[in-house]
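In case you want the letters, here they are:
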Amino acid sequence: MRPERTGSQPVRSEQDVVLARQVARKLAVECGLRLVDQTKLVTAASELARNTVIYGGGGDMDWEVVEEGSRKGLRLVFRDEGPGIADVKLAMTDGWTSGNGLGLGLTGTRRLVDEFSLESAPGVGTRVTICKWN
Amino acid sequence: MSTLSQRTIDAIRSNESQLLASWSVNLEASGASRDTRIGHSEFEGQTREFLRLLVAGSATGDTGSVASNEWSETRAFLEKLSRSRALQGFDSAHTAHFIFSLKRPLFDLLQKEYATDPAELANQLWAISEMLDTLGMHTIRTFQKSREEVIARQQEELLELSTPVVKLWDGVLALPMIGTLDSQRTQVVMESLLQRIVDTGSEIAIIDITGVPTVDTLVAQHLLKTVTAIRLMGADAIISGVRPQIAQTIVHLGLDLQGIVTKANLADALALALKRSGYQVGKAS
Amino acid sequence: MERIPILRMGEFLLVTIQVDMHDQLALTLQDDLAERISRTSARGVLIDISALDMVDSFIGRMINTISGLSKVMDAETVVVGMQPAVAITLVELGLYLPGVSTALNVERGMERLRERLDAQ
């Protein structure tokens, strides 16, 4: 696996959530993802970017085009230095929510991508990494 | 890491035509150059070009690390070569042999050149050998990658072929599924059904699974998800031909069948679809 | 302030969403629609999302809310033109929008609203 190209996109406001979606869409097209997979990835990016703004108090989306054999993929990392999540396991339970969402934020998002990992520590911040392969 | 000495490079340069000649003899002996899939002049061009790149690369680069910049042109040439060989249907041994059969002529040349200096001969032989081996490996890697791409494309084409969405009536589509369903196939089939619904403006889609012997959890879930997606798009889905075994699986999984219409067979499903579309079917007496 | 236009067509309202909506825009639309239904006594609302290449949980929730509040105000909401990729993604996300009526396009959506009205 070797990184081809990388970049970063600030995620601090509602407008940035829209921008993050557009960046994700453009990269997903470049990686040769099928339309359905593009849509899944962009939707996942939208959910996570919103979390970063609302719960993390703003942060960044790092992106990386990855390659493995003949496959290409897009990896997105959403990181913030917000309050963090105390119980990561609980946060990943279907139906759980801390805000006024429908409670399918993180678990729903996980179903949309091929790889998903969540690291968080109270007072330090949260880091969610997702990846989708073509 | 070792490098070719200027003396070696000069020797290769001044003996180029001789090297090419004995290389072709070697290739011919193995039958590689007699294959009708590659023309004689094309083959000659390829050997000439490779030797030129070899000299150019080794004049500046390390022989042990073909990944470096100095070798980029050589790499590009080999990648192109492997790719065309893969597409023409050659095996990987053939492709690697193209490079390895250059060893003998080069060794002979060095032996003559360094007849009086065995230490330097060993040194240069090692350098050449290392270089050709790495380039050969690179060729095989690229070859395999190209083959994988060919296989992936064929799999995709097969998938599309095996999934016919048919129009049964104005506004009624049917998807007759046959054979064992794996998760990936189900996904592709369902996506093409959804797209056809949009393209044709059909309000009813019948998914007939009479020809499906059994489904696993993932496929059953996928079927139900598709039915939900069809509803979100504004059309209705009917599942027909559910075998007892599949019914058991679905109930066993505790999957929610609420709001999902099922019919025993395709005929009944079509009758329902026509009725919903406002048609009345009767015998013309 | 940026707003999504609401068109009046007889006793129905038509909203065509053509922009990549940020959250505030979605909330404004929700308020605007409630206000317009009440002011015009509209009997039905058509939301055309055929130009949307993505619907996330926020927009999904907006659709759910509009559908719910219009019902309370005696107007039926029909969501039309959802793209296949969007529908698949929503289902995967876990948003089935069970109470929301749907149709393939604006024309069919309009027919559906008329049928409902006639049946009443």
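Residues numbered from 1 in each chain as written. Chains lettered and ligands numbered in written order. Predicted model: local features only at pLDDT ≥ 70, side-chain atom pairs only at ≥ 80, totals over all residues. Heavy atoms only, no water.

## A look at the overall build of chain B
When you go through chain B residue by residue, the secondary structure sums to 11 helices and five strands. In terms of overall dimensions, chain B is more spread out than a globule: its C-alpha atoms have a radius of gyration of 32 Å, far above the 19 Å expected for 285 residues. Counting only C-alpha atoms and orienting by the principal axes, one finds that chain B spans roughly 105 × 45 × 30 Å. Expressed as a percentage of its 285 residues, the buried residues of chain B come to 43%. (Helix = DSSP H or I, 4+ residues; strand = E, 2+ residues; numbered from the N terminus. Rg over C-alpha atoms; globule rule 2.2 N^0.38 Å. Buried < 20%, exposed > 50% of the residue type's maximum accessible area, 1.4 Å probe, protein only.)

## Let's talk about the overall build of chain C
What chain C contains, in helices and strands, is four helices and five strands. From first element to last, N terminus to C terminus, chain C shows the α and β order β-β-α-β-α-β-α-β-α. A compact globule built from 120 residues should have a C-alpha radius of gyration of about 14 Å, and chain C, at 13 Å, falls within 12% of that. The dimensions of chain C, computed from C-alpha atoms along their principal axes, are 35 × 35 × 20 Å. Residue pairs at least 24 apart in sequence account for 74% of intrachain contacts in chain C once pairs closer than 6 positions are excluded. (Contact = heavy atoms within 4.5 Å.)

## Considering the interface of chain A and chain B
Listed per partner, the contact involves six residues of chain A and five residues of chain B. Across the chain A to chain B interface the summed buried area is about 450 Å²; carbon plus sulfur atoms make up 40%. Among the residues chain A hides against chain B, the three largest losses belong to A:R34, A:V36 and A:S70. Together they make up 67% of the total. On inspection of chain A and its partner chain B, the count reaches two salt bridges. (Buried area = accessible area lost by both parts, 1.4 Å probe. Salt bridge = Lys/Arg side-chain N within 4 Å of Asp/Glu carboxyl O.)

## Some thoughts on the sheet that holds strand 5 (residues 261-263) of chain B
Residues and elements named next belong to chain B. Ordered in space as 1-2-3-4-5, the five strands form an open sheet in which the pairing is mixed. Sheet topology places strand 1 (166-169) and strand 5 at the edges, where each strand pairs with a single neighbour. The mean inter-strand angle of the sheet, taken between neighbouring strand axes irrespective of direction, is 30°. Summarising the sheet, strand 3 (residues 204-211) and strand 4 (residues 236-240) pair through five bridges and their orientation is parallel. Looking across to strand 4, one finds that I206 is bridged to I238. Helix 8 (residues 183-200) contacts strand 2 (172-178) and strand 3 of the sheet and is inclined by roughly 165° relative to strand 2. (Pairing = 2+ DSSP bridges. Axes fitted to C-alpha atoms, helices over the stretch in contact; angles between N-to-C directions.)

## A look at the state of the cysteines
All names here are of chain A. Throughout the structure, instances matching the rule amount to zero disulfides over all chains. Here C31 stays free of any disulfide, with the sulfur of C131 as its closest cysteine sulfur at 8.8 Å. The class of C31 is buried, set by a relative accessible area of 2%. The class for C131 is buried, based on a relative accessible area of 1%. (Disulfide = S-S within 2.5 Å.)

## Observations regarding the interface of chain A and chain C
Accessible area lost upon the coming together of the parts serves often as the stated size of an interface. In this complex, chain A contributes 23 residues to the contact, which on the side of chain C involves 20 residues. Interface of chain A and chain C: buried area, both sides summed, is about 2,000 Å²; carbon and sulfur atoms make up 56% of it. Where chain A meets chain C, there are six salt bridges. The partner of C:D56 in a salt bridge is A:R50, and the shortest N-O contact between them spans 2.8 Å. Those elements giving two or more residues to the side of chain A that touches chain C turn out to be helix 1 (14-30), helix 2 (35-54) and helix 4 (105-112) of chain A.

## Structural notes on the sheet that holds strand 4 (residues 76-80) of chain C
Residue and element names in this part refer to chain C. A sheet is described by the order of its strands in space; here five strands give the open sequence 1-2-3-4-5, paired in mixed fashion. The open sheet terminates on both sides in strands that have one partner only, identified here as strand 1 (6-9) and strand 5 (101-103). If you compare each strand with its neighbour and ignore which way they point, the axes differ by 25° on average. One ladder, built from four bridges, connects strand 1 with strand 2 (residues 12-16); its direction is antiparallel. Paired with M9 across the bridge in strand 2 is F12. Running over the sheet, helix 1 (residues 23-40) touches strand 1, strand 2 and strand 3 (44-48) and is turned about 25° from strand 1.

## A look at a negative patch on the surface
A contiguous patch of negative charge, built from C:E107, C:E111, C:E115 and C:D118, is present on the exposed surface. Position of C:E107 among the secondary structure elements: in helix 4 (residues 106-119). (Patch = residues over 30% accessible without salt bridge, like charges linked within 9 Å, V, L, I, M, F, W, Y side chains within 5 Å. Areas by Shrake-Rupley, 256 points an atom, 1.4 Å probe, with all protein chains shown as cover. Lys, Arg positive; Asp, Glu negative; His and termini not counted. Charge placed at Lys NZ, Arg CZ, Asp CG, Glu CD.)

## Digging into the confidence of the model for chain C
Chain-level statistics for chain C give a pLDDT mean of 94 and a share of 99% at 70 or above. Model confidence for the complex: the whole-complex pTM is 0.73, and ipTM, which rates the interface, is 0.94. (pLDDT = per-residue confidence, 0-100.)

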